[in-house]
Amino acid sequence: MKTIFITGASTGLGKATAKLFAAKGWKVIATMRKPENEKELGLIDNISLLPLDVTNPDQIADTVKKAIASGPVDVVFNNAGYGLMGPLESTTDEQLVRQLDTNILGVIRVTQAFIPYFREKKAGLFISTTSIGGLITFPFSSVYHATKWALEGWSESMAFELGKIGVGIKTVSPGGIKTDFLSRSADMSTHPAYQKWVDQLFSGFNEDHFTSAEGIADVVYEAATDGKDKLRYVAGEDAKALYAQRIQIGDEAFRKQMAETFLGE
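Here the residue index of a chain counts from 1 through its sequence in written order. Side-chain atom pairs in this predicted model are given and counted only at pLDDT of 80 or more, local residue features only at pLDDT of at least 70, and totals for whole chains, interfaces and linings cover all residues. Side-chain metrics in this entry use all non-hydrogen atoms of the structure; hydrogen atoms and water are not considered.

Draft legend 1. Fine view of the overall build of the protein chain. Helix and strand content of the protein chain: 9 helices and 9 strands. Between the two quantities, the radius of gyration covers C-alpha atoms and the globule rule is 2.2 Å times the number of residues to the power 0.38. Relative to a compact globule of 265 residues, whose C-alpha radius of gyration would be 18 Å, the protein chain shows 18 Å and is just as compact. Counting only C-alpha atoms, the protein chain reaches 55 × 40 × 30 Å along its principal axes. A simple rule labels every residue: compare its accessible area, found with a 1.4 Å probe on the protein chains alone, to the largest value its type can have, and call it buried under 20%, exposed over 50%, or partly exposed in between. When the 265 residues of the protein chain are sorted by exposure, 48% land in the buried category. Looking at the protein chain alone, contacts between residues at least 24 apart form 70% of all its contacts between residues at least 6 apart. As presented, the protein chain carries roughly 12,800 Å² of accessible surface, and 53% of it is formed by carbon and sulfur atoms. Charged residues are defined here as Lys and Arg on the positive side and Asp and Glu on the negative side; His and the ends of the chain fall outside this count. By convention, charge coordinates are those of NZ in Lys, CZ in Arg, CG in Asp, or CD in Glu. Both charge centroids of the protein chain, one from 28 positive and one from 32 negative side chains, sit 6 Å from each other. In this description a helix means any DSSP run of H or I spanning at least four residues, a strand means any run of E spanning at least two, and both kinds are numbered starting from the N terminus. Contacts are residue-level and defined by heavy atoms, with any inter-residue pair within 4.5 Å sufficient. Exposure was quantified through the Shrake-Rupley algorithm and a 1.4 Å probe, taking into account, for residues, occlusion by the shown protein chains and nothing else.

Printed below as a string of structure tokens:
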């Protein structure tokens, strides 16, 4: 029985992935900030819960140690993250630090904690949830995009050094996911000078084109099991279409098209 270690497993994609891998016969170590509040995953026989706040380096070290002590770990799925949106002008330093700490430093620290274990095994795979927002951008999400573009570049570079020790790394880049992401996993900054454009941006999103969390979890499972030396998995029809369009028409034309679509310019 193979084992996957998942961060951010309490809701959305993390939870859907935990349930899918458990159904496929994997042992799942599902981590979250408050496992005592989880009422569903803990009832599944081959899922165990551990506490993990990825902004807490001491807890990362402790939780990873406990996970390894419980038996072999084969895949680490770095999924914890959230979106910070709104004008940069009104974004506080606290919001900036929390976004960077969670979305990029959390992934790097969890990965770093597992590397010695995987190196000794000469096997293992890291998968990180990035976003289509790590390959293209939308207005008024600059810091979020900074973290997701950083993850894509970091992962590509890490593939070189991990490959030398027999360890893999992959990214799953979803488009819109049909969860309560905007109400639960988003932080907003607001400023009256920009509000009409922010409102226009959100009115342009069509959730009918979003993919279910279960649909994205299928791509995570594919990345974990296909055995391919492949870095990037773009997930969801909306993400695939946007990424293909950017490649086809070029960066500048795509940027201007996004401005026209979401800001009416």
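Draft legend 2. View of empty space enclosed by the protein. The rule is simple: put a 1 Å grid over the protein atoms alone, call a set of points where a 1.4 Å probe fits but cannot get out a cavity, call an open set with protein on both sides within 12 Å along at least five of seven lines a pocket, and count a residue as lining if it has an atom within 4 Å of a point. Grid points are joined across faces, edges and corners, and a volume is the space filled by probe spheres set on the points. Considering all chains together, one arrives at 2 cavities of 30 Å³ or more under this definition. The calculated volume of the largest cavity comes to roughly 40 Å³. What lines the largest cavity is simply Leu 84, Met 85, Gly 86, Pro 87, Leu 88, Thr 91, Phe 140, Ser 141, Ser 142, Val 143 and Ser 189. Side-chain classes follow a simple rule in which Ala, Val, Leu, Ile, Met, Phe, Trp, Tyr, Cys and Pro form the nonpolar group, Asp, Glu, Lys and Arg form the charged group, and the remainder, Gly included, forms the polar group. Looking at the lining of the largest cavity, its residues break down into 6 nonpolar, 5 polar and no charged.

Draft legend 3. View of the layout of surface pockets. Roughly 430 Å³ of volume is contained in the second largest pocket. Mapped by element, the contributors of at least two residues to the lining of the second largest pocket are α4 (142-163), β7 (168-174) and α7 (213-225). Counted by class, the lining of the second largest pocket contains 10 nonpolar, 6 polar and 7 charged residues.

Draft legend 4. Molecular detail of the packing of helix α8 (residues 237-249) against helix α9 (residues 251-263). Look at α8 against α9: their axes get within 6 Å of each other, and the N-to-C directions meet at 130°. It follows that α8 is oblique to α9 by the angle criterion. Each of Leu 242, Gln 245, Arg 246 and Ile 249 in α8 lies in contact with α9, whose residues at this interface are Asp 251, Ala 253, Phe 254 and Gln 257. Tallied by class, residues from the contact of α8 with α9 come to 4 nonpolar, 2 polar and 2 charged. Axis angles are defined between N-to-C directions and span 0 to 180 degrees, where every axis is a line fitted to C-alpha atoms and, for a helix, only to the segment in contact. Any angle that falls under 35 degrees is termed roughly parallel, while one over 145 is termed roughly antiparallel, one within 65 to 115 roughly perpendicular, and all others oblique.

Draft legend 5. Just helix α2 (residues 57-69), in detail. Here α2 contains 13 residues, and its C-alpha end-to-end distance of 18 Å stays within 8% of the 18 Å for a straight helix at 1.5 Å per residue. Against the buried residues of α2 lie β1 (3-6), β2 (27-32), β3 (47-51) and α3 (93-121). Under the rule applied, a polar contact is a pair of N or O atoms within 3.5 Å (in protein, one hydrogen donor and one hydrogen acceptor; residues adjacent in sequence only if both atoms are side-chain atoms). At the N-terminal end of α2, a side-chain oxygen is found 3.1 Å from the backbone nitrogen of Asp 58, two or three residues along, and the residue is Asn 56. Phi for Gly 71, located one or two positions after α2, is positive at around 145°. By this rule the span expected of a helix is its residue count minus one, scaled by 1.5 Å.

Draft legend 6. Region of the structure containing the nonpolar core. Nonpolar core, defined: a set of buried Ala, Val, Leu, Ile, Met, Phe, Trp, Tyr and Cys residues in which side-chain atoms within 4.5 Å join the residues together. Among the nonpolar cores identified, the biggest contains 31 residues, and Ile 4, Phe 21, Val 28, Ile 127 and Val 172 are the most heavily contacted of them. When residues in this core are grouped by element, the largest group, 8 residues, is from α7. Beyond its immediate chain neighbours, meaning those up to four positions away, Phe 21 contacts Ile 4, Trp 26, Val 28, Val 220, Tyr 221 and Ala 224. If you look at the next biggest cluster of nonpolar residues, it comprises 26 residues, including Ala 67, Ile 104, Ile 115 and Ile 169.

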